[in-house]
Amino acid sequence: MYEPIRTKSVHSTMAADARIPHRSREEELDIQLAGHLAALLAVTDELGLTEAGDAIAAQVARLRGGHPPVRHAGLSRAAAPALHGRAHALAGRALVVAASRADTAAAILAAERMDAHSAATAAL
């Protein structure tokens, strides 16, 4: 009643190819978290928050295997409320990824940064 499949599946050939490097889910989450924290670091440096920037830079270095991040060199000349809003959003993204990979240190840092930027926005 049913005709058997006579050709190889296109899905199984790529998965079996050992020459193509694959990353684990944890490695992908590490890369994503380091990216969000590096973006947060750039905004934090632009706001002039050195102590917070150092803490973020330490987390980025840990996620990248000890390689310290490049610190922010240019300025966007955006207003402080806009920068705090951007930093709050980036810290939120970092918190979601940190919670997904069960990274307590990064999650606490991201939550603290969210609180700090919320407070700074309310004070402006």
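Here we summarise the structure given alongside this text. Keep in mind that what you see is a predicted model, and the values were worked out from it rather than measured.

**Looking at the packing of helix 2 (residues 25-47) against helix 3 (residues 50-63)**
Argument step 1. For the pair helix 2 and helix 3, interaxial distance at closest approach is 9 Å and the crossing angle is 160°. As judged from the angle between their axes, helix 2 and helix 3 are roughly antiparallel. As for the relative orientation of helix 2 and helix 3, their crossing is left-handed in sense. Here helix 2 contributes Asp 30, Leu 33, Ala 34, Leu 37, Ala 38, Leu 40, Leu 41, Thr 44 and Asp 45 to the contact with helix 3, which in turn contributes Ala 52, Gly 53, Ile 56, Ala 57, Gln 59, Val 60 and Leu 63.
Argument step 2. Looking at the contact of helix 2 with helix 3 residue by residue, the classes come out as eleven nonpolar, three polar and two charged.

**Topic: the nonpolar core**
Nonpolar side chains tend to gather and get buried jointly when the protein is soluble and globular.
Argument step 1. Ranked by size, the top nonpolar core spans 23 residues in total, and within it Leu 33, Leu 37, Leu 40 and Ile 56 carry the most contacts.
Argument step 2. Among the secondary structure elements, those contributing two or more residues to this core are helix 2, helix 3, helix 4 (80-100) and helix 5 (104-123).
Argument step 3. Apart from the residues lying within four places of it in its own chain, the contact partners of Ile 56 are Leu 37, Leu 40, Leu 41, Thr 44, Leu 109 and Arg 113.

Calculation notes
- Residues numbered from 1 in each chain as written.
- Predicted model: local features only at pLDDT ≥ 70, side-chain atom pairs only at ≥ 80, totals over all residues.
- Heavy atoms only, no water.
- Axes fitted to C-alpha atoms, helices over the stretch in contact; angles between N-to-C directions.
- Helix = DSSP H or I, 4+ residues; strand = E, 2+ residues; numbered from the N terminus.
- Parallel < 35°, antiparallel > 145°, perpendicular 65-115°, else oblique.
- Left-handed = near helix turned anticlockwise from the far one by under 90°.
- Contact = heavy atoms within 4.5 Å.
- Nonpolar A, V, L, I, M, F, W, Y, C, P; charged D, E, K, R; others polar.
- Core = buried A, V, L, I, M, F, W, Y, C linked by side-chain atoms within 4.5 Å.
- Buried < 20%, exposed > 50% of the residue type's maximum accessible area, 1.4 Å probe, protein only.

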